[in-house]
Amino acid sequence: MNIMVISAISRESSTCYMLAQQLVGMCEKRRVTVDFVTPTNAELPLNDGTVAWDLPEAIAWQKRVAAIHCHFWVSPEYHGSMTGAMKNLFDYLPKEPMRGDAIGLLALAGGAMAALNTLNGMAVVARSLGAWVAPEFCALNSNDVKAGLDEAAVARVDALVETVIDMGRRLYSTAPENNVP
Ligand SMILES: Cc1cc2nc3c(=O)[nH]c(=O)nc-3n(C[C@H](O)[C@H](O)[C@H](O)COP(=O)(O)O)c2cc1C
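Report follows, based on the coordinates. Only a predicted model underlies this, so the values are computations on that prediction, with no experimental measurement involved. (Residues numbered from 1 in each chain as written. Predicted model: local features only at pLDDT ≥ 70, side-chain atom pairs only at ≥ 80, totals over all residues. Heavy atoms only, no water.)

### With respect to the site of the ligand
Reasoning step 1: Surrounding the ligand, one finds 13 residues, the nearest of these being T15, E77, H79, G110 and S142.
Reasoning step 2: Between the ligand and E77 there is a distance of 2.7 Å, counted from an oxygen atom to a backbone nitrogen or oxygen.
Reasoning step 3: Contact between the ligand and H79: a nitrogen atom at 2.9 Å from a main-chain N or O atom of the residue.
Reasoning step 4: Computed on the free molecule, the ligand has an accessible area of 620 Å², of which 67% lies beneath the protein chains in the complex.
Reasoning step 5: Classifying every residue of the shell around the ligand gives four nonpolar, seven polar and two charged. (Near = heavy atom within 4 Å. Polar contact = N/O pair within 3.5 Å; in protein donor to acceptor, adjacent residues only side chain to side chain. Areas by Shrake-Rupley, 256 points an atom, 1.4 Å probe, with all protein chains shown as cover. Nonpolar A, V, L, I, M, F, W, Y, C, P; charged D, E, K, R; others polar.)

In structure tokens, the structure reads:
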């Protein structure tokens, strides 16, 4: 089972990156293979509509996504949405690479309100790419991540990881051509 964890922010000191790294640890406890992605390590230029459809970096990124069964996207709320750098990753994907995959969504708010608009927006994009979106959204506050998540928050994130990996196993074990142990 191959898992992709995407941090919308490439800077290691950001709470988004820190939370995404925590997710990697939670996934690895379940004996899966994790591909950790940031906008920087995806090495894609800005898709402003002038990029060649067969750009080698884009083809490499599409193959990287196609090898995955379950996804986790982590983004801070930037003006009510995922970051532009994260969205740029998905603007290089046709439907095929993510179709039928399971996905868990996590968003970080800097202010007092939870990042619900960001989560809903991410869900729309994930569904548009053909993924099954876990019903449990994780809305967290950046300051809480920086301070270290309490037990209840860790349990919520862990429950999301469990749901997504369990659903990924079910989805793929019923697809004969994609039988995954
Ligand atoms: C351009 C920009 C827009 C932001 N918009 C929002 C917002 O709409 N709502 C919100 O709760 N936080 C907003 N924030 C705060 C971020 O969600 C986030 O909590 C903060 O940037 C975390 O910083 P870190 O990456 O250093 O941990 C914004 C931050 C930036 C840089």
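### Here's the deal with unusual backbone geometry
Reasoning step 1: You will see that E43, though not glycine, has its phi angle at about 55°, which is positive.
Reasoning step 2: Topologically, E43 is positioned in the loop between α2 (39–42) and α3 (56–66).
Reasoning step 3: Since its relative accessible area comes to 60%, E43 is described here as exposed.
Reasoning step 4: Phi at H79 takes a positive value of approximately 50°, unusual for a residue other than glycine. (Helix = DSSP H or I, 4+ residues; strand = E, 2+ residues; numbered from the N terminus. Buried < 20%, exposed > 50% of the residue type's maximum accessible area, 1.4 Å probe, protein only.)

### Overview of the packing of aromatic side chains
Each aromatic ring pair is specified by the distance between its two centres and by the angle formed by the two planes.
Reasoning step 1: For the structure on display, the rule yields two aromatic pairs.
Reasoning step 2: With a centroid separation of 3.9 Å and an interplanar angle of 20°, the aromatic rings of W73 and F90 are classed as stacked. Pair noted here: W73 is in strand β3 (residues 70–76) and F90 is in helix α4 (residues 84–90), with a separation of 17 residues, a long-range link.
Reasoning step 3: On the basis of relative accessible area, W73 is assigned to the buried category, the value being 0%. (Phe/Tyr/Trp six-rings, centres within 6.5 Å; stacked < 30°, edge-to-face > 60°.)

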